[in-house]
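The chain contents come next:
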Amino acid sequence: MDIIQSVLNGDKRSIAKLITLVEEKSDDFINILKKIYKYTGRAITIGITGAPGSGKSSLVNKLTRILRTQNKKVGIIAVDPTSPFTGGAILGDRIRMQDLTLDEGVFIRSMGTRGALGGLSRACYDAVKILDASGMDYIIIETVGVGQSEIDIVKLADIVLLVMVPGMGDDVQAIKAGIMEIGDIFVVNKSDKDGADRLVTEIEMTLDLGSSKNSWKPPVIKTIATENYGIVELSENIEKVLKHMMQDDLLNVKRKSRIKQEIISLLTETLIENIIFRYSEKIDMLIEKVLERQIDPYSAMEIIISDVK
Ligand SMILES: Nc1nc2c(ncn2[C@@H]2O[C@H](COP(=O)(O)OP(=O)(O)OP(=O)(O)O)[C@@H](O)[C@H]2O)c(=O)[nH]1
Ligand SMILES: [Mg+2]
């Protein structure tokens, strides 16, 4: 399996190819994923989410530059809810990173979401594994903060940056919507605009409400991505939060729960598919009975389950 070796060697074309195989669920992709799994678990995954246009891509761009000066390899996944197929040129423009694509130590990929709610697709989770195995030190996943992808990012990332912008009117709303819980770091971007300090205060007050006096509080960082302001502070805070998470074993707890989630969802999917396939005739027969009110759907389920056992 050439492709496995070249992915492990960090070859960008092979990485891209393998992600495509995974997206298309082509033959054997699960076997390839099985083989690379033991090489994963080294990368740090950073999720970045926030309202459309809040400056996520600009922040990722500037953050990546800092990581590159530290000689870290960076994989970037831009989750694009608007289209599952984004051409390279449009992608570069959309995520404002054309200049980074030339860097050998940076890999950028756009991926679609799943369904109308925009949850992260299985392929996205697998792409993270591929990038991890390929030797990326950091994997940054950008998701637009609408719908399910924002919630899903917590399951995928070791650390989540929540980007907010002053004067958008929806800051308070976002805070109220319970989104606050997902942020490990709060980034107030576009701090060149009016109301940045007020937004910082507002976020800090909300964080205070939700935590006891001595407990850990997520940092709130002001940035102006376009002017590279606050980016060093942001990267230092990422390291600080990671250190805290490692010291308190929180990172392992997070990763364990991620693995549990993954096994459970694979199990659920496979079991259900299997049952539906194996008992399709029986299910058809039971449908007739339910239709005629001889039995109810609950009993139909119990009949099938008792057979499975
Ligand atoms: N004034 C100002 N503009 C910014 C700042 N950061 C980004 N922008 C601009 O805001 C616009 C959106 O930036 P992006 O980085 O594409 O934002 P995004 O959140 O990735 O956008 P989507 O991926 O489309 O949701 C661009 O025109 C940026 O140049 C900032 O700190 N201040
Ligand atoms: Mg973007």
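Residues numbered from 1 in each chain as written. Chains lettered and ligands numbered in written order. Predicted model: local features only at pLDDT ≥ 70, side-chain atom pairs only at ≥ 80, totals over all residues.

Examining the confidence of the model for the chain
The predicted coordinates ought not to be read in detail in places where the model reports low pLDDT.
Stage number 1. Put simply, the chain has an average pLDDT of 87, and 86% of its residues get 70 or more.
Stage number 2. Highest mean pLDDT in the chain belongs to strand S7 (residues 220–222) (97); lowest belongs to helix H5 (residues 88–95) (48).
Stage number 3. In this model, residues 83–90 is a region of pLDDT below 50 whose contacts with residues beyond four sequence positions or in other chains number six contacts. (pLDDT = per-residue confidence, 0-100. Helix = DSSP H or I, 4+ residues; strand = E, 2+ residues; numbered from the N terminus. Contact = placed C-beta atoms within 7 Å.)

Section: helix H7 (residues 122–133)
Stage number 1. With twelve residues, H7 should reach 16 Å at 1.5 Å per residue; the first-to-last C-alpha distance of 17 Å fits that figure.
Stage number 2. The buried fraction of H7 is high, at nine of twelve residues.
Stage number 3. Looking one or two residues past H7, Gly-135 carries a phi angle of roughly 100°, positive in sign. (Expected span 1.5 Å × (residues − 1). Buried ≥ 20, exposed ≤ 12 C-beta atoms within 10 Å, placed from the backbone.)

Regarding the environment of Val-308
Stage number 1. Relative to the elements of secondary structure, Val-308 occurs in helix H14 (residues 297–308).
Stage number 2. With 33 residues separating them in the primary sequence, Val-308 and Ile-275 have C-alpha atoms 7.6 Å apart.

Focus on the site of ligand 1
Stage number 1. Around ligand 1, 15 residues are found, and the nearest of them are Gly-55, Lys-56, Ser-57, Ser-58 and Ala-225.
Stage number 2. At three residues, the largest contribution of residues to the shell around ligand 1 is made by helix H4 (residues 56–69). (Near = placed C-beta within 6 Å.)

Focus: the packing of helix H13 (residues 280–291) against H14
Stage number 1. Here H13 crosses H14 at 155°, and the two axes come no closer than 10 Å. Looking at the two axes, H13 sits roughly antiparallel to H14. Crossing of H13 against H14: the hand is right-handed. Two secondary-structure elements touch here, H13 through Lys-282, Ile-283, Leu-286 and Val-290 and H14 through Pro-297, Ala-300, Ile-303 and Ile-304.
Stage number 2. Classifying every residue of the contact of H13 with H14 by side-chain character gives seven nonpolar, no polar and one charged. (Axes fitted to C-alpha atoms, helices over the stretch in contact; angles between N-to-C directions. Parallel < 35°, antiparallel > 145°, perpendicular 65-115°, else oblique. Left-handed = near helix turned anticlockwise from the far one by under 90°. Nonpolar A, V, L, I, M, F, W, Y, C, P; charged D, E, K, R; others polar.)

Thoughts on the environment of Val-7
Stage number 1. Considering the arrangement of structural elements, one finds Val-7 in helix H1 (residues 2–8).
Stage number 2. Along the backbone, Val-7 and Lys-17 are ten residues apart, and their C-alpha atoms lie at a distance of 9.3 Å.
Stage number 3. When sequence neighbours within four positions are dropped, the list of residues in contact with Val-7 reads Ser-14, Ile-15, Leu-18, Ile-36, Ile-130, Ala-133 and Ser-134.

Points about unusual backbone geometry
Stage number 1. For Lys-25, which is not a glycine, the phi torsion comes out positive at approximately 50°.
Stage number 2. The phi dihedral of Asp-249 is positive, around 65°, even though this residue is not glycine.
Stage number 3. Here Asp-249 is to be found in the loop between helix H11 (231–247) and helix H12 (250–278).

Considering helix H2 (residues 12–23)
Helical geometry note: an α-helix holds 3.6 residues per turn, so side chains three or four residues apart project in the same direction.
Stage number 1. The end-to-end C-alpha separation of H2 is 17 Å, in line with the 16 Å expected for twelve residues at 1.5 Å each.
Stage number 2. When we look at burial in H2, the residues that qualify are Ile-15, Leu-18, Ile-19, Val-22 and Glu-23. Within H2, the buried residues cover an arc of 145° as seen down the axis, which keeps them to one side.
Stage number 3. The inward-facing, buried residues of H2 abut H1, helix H3 (29–37), strand S3 (106–112) and H7. (Arc of directions from axis to C-beta.)

Concerning the sheet that holds strand S1 (residues 44–50)
As a general point, the strands of a sheet are linked pairwise by backbone hydrogen bonds and lie either parallel or antiparallel.
Stage number 1. The parallel open sheet is built from seven strands, whose spatial order is S3-S2-S4-S1-S5-S6-S7. Every interior strand has two partners, whereas the edge strands, S3 and S7, have only one. Taken pair by pair, the neighbouring strands of this sheet meet at an average axis angle of 20°, ignoring direction.
Stage number 2. Of the strands in this sheet, strand S5 (159–164), strand S6 (185–188) and S7 touch helix H10 (residues 196–209), which is tilted by about 175° from S7. (Pairing = 2+ DSSP bridges.)

A word on the packing of H2 against H7
Stage number 1. Two elements in contact, H2 and H7, have axes separated by 9 Å at closest approach and are oriented at 155°. Classed by the angle they form, the pair H2 and H7 counts as roughly antiparallel. H2 and H7 meet at a crossing whose hand is right-handed. Together, Ile-15, Leu-18, Ile-19, Val-22 and Glu-23 of H2 and Ala-123, Asp-126, Ala-127, Ile-130 and Leu-131 of H7 make up the contact between the two elements.
Stage number 2. Broken down by class, the residue content of the contact of H2 with H7 amounts to eight nonpolar, no polar and two charged.

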